[in-house]
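Structure assessment
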Amino acid sequence: MGLLDILLGRTKPVLPDLDQLFALPSAAVTLEAAAGFTPTGTGAVCFATVEGGAFEQTHREVQALLDADADRDGPPVELSQDEYGYSWLVSRRSPGQLSELVNDLHAVNSSMEVNGFGPQLLCSLAGFQGEGGRRLALVYLYKRGTFYPFAPLPGGGQRRDNALELQVKAALADDLRMEQDLSRWFPVWGAPGL
């Protein structure tokens, strides 16, 4: 970044830092102590829908990589599409295997990045549950390298529990690189695993 960039107010975009995902297991301990939420064992990677043979090859590679894990029950990665047209690669583990789930999310993101699909990556999320069926996701914004909480209100509809989201943000400030710009806390309605 040069002097002209500084004078004109230009900034370098934040580079993705997939290693931030590895902070999720320790953040989960803090989240359980502060708000009573525990992992569901489900996580997902969201990306703009991609067509073609190159993506199919990447999906097969990810599938083979995660199939090699002997501790996994059921299908390692499911590919689905939400009502908004975005694609999701979903990984399911037992709730006690958050570290393994994070490894899955990292592997999916890394494989897509290495194979040239980095610009299509949007976010990754890990699901959590609380008392009374409350749900929460910790969402990693790929292009920002930051996390934010997403907490839909129970009972259906598209309403968020903003107070809970702010409580979680404050509780996890020392554990995760939290997104400070609240306008970037996009709702992920219909996300698999929520």
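See the structure above.
Residues numbered from 1 in each chain as written. Predicted model: local features only at pLDDT ≥ 70, side-chain atom pairs only at ≥ 80, totals over all residues. Heavy atoms only, no water.

1. Some remarks on the nonpolar core
Heads up, the condition is: In these notes, a set of buried Ala, Val, Leu, Ile, Met, Phe, Trp, Tyr and Cys residues joined through side-chain atoms within 4.5 Å is what counts as a nonpolar core. For every residue, the accessible area (1.4 Å probe, protein chains only) is compared with the maximum for its type, and the residue is labelled buried under 20%, exposed over 50%, or partly exposed between those bounds. Helix numbering and strand numbering both begin at the N terminus, where a helix is a DSSP run of H or I of at least 4 residues and a strand a DSSP run of E of at least 2. Residue contacts follow a heavy-atom distance rule, with two residues in contact if any of their heavy atoms lie within 4.5 Å.
Counting 38 residues, the largest nonpolar core has Phe128 and Leu176 as the members making the most contacts within it. Listed by contribution, the elements that provide at least two residues to this core are α2 (24–35), β1 (38–48), α3 (53–67), α4 (98–117), β4 (121–129), β5 (135–141) and α5 (162–171). Take this core: its biggest share by element is 8 residues, from α4. Beyond its immediate sequence surroundings of up to four residues, Leu176 is in contact with Ala23, Leu24, Ala27, Leu138 and Phe147.

2. Thoughts on the packing of α2 against α4
Rules: Helix axes are fitted only over the stretch in contact, all axes being lines through C-alpha atoms; the angle between N-to-C directions runs from 0 to 180 degrees. Relative orientations are named as follows: roughly parallel for angles under 35 degrees, roughly antiparallel for angles over 145 degrees, roughly perpendicular for angles from 65 to 115 degrees, and oblique for any other angle. Should the near helix be turned counterclockwise from the far one by less than a right angle, the crossing is left-handed, whereas a clockwise turn marks it as right-handed. Put simply, Ala, Val, Leu, Ile, Met, Phe, Trp, Tyr, Cys and Pro go in the nonpolar bin, Asp, Glu, Lys and Arg in the charged bin, and everything else, Gly too, in the polar bin.
The N-to-C vectors of α2 and α4 enclose an angle of 135 degrees; their axes lie 9 Å apart at closest approach. The orientation of α2 with respect to α4, classified from their angle, is oblique. Relative to α4, the crossing made by α2 is right-handed. Counted together, Leu24, Pro25 and Ala28 of α2 and Leu98, Ser99 and Val102 of α4 form the full contact between these two elements. Of the residues assigned to the contact of α2 with α4, the class counts are 5 nonpolar, 1 polar and no charged.

3. What about the packing of aromatic side chains?
Put simply, the rule is: For Phe, Tyr and Trp, where Trp contributes only its six-membered ring, two rings pair if their centres lie within 6.5 Å, and the inter-plane angle classes them as stacked under 30 degrees, edge-to-face over 60, or tilted in between.
Under the defined criterion, the tally for this structure stands at 3 aromatic pairs. Ring plane angle 55 degrees and centroid distance 5.1 Å describe the contact between Tyr140 and Phe147, whose orientation is recorded as tilted. Each member of the pair, Tyr140 as well as Phe147, carries the same accessibility label: buried. Consider the rings of Tyr148 and Trp185, whose centres lie 6.0 Å apart with planes at 20 degrees: the pair is stacked. With a gap of 37 residues between them, Tyr148 in strand β6 (residues 146–150) and Trp185 in the segment after α5 connect regions that are remote in the sequence.

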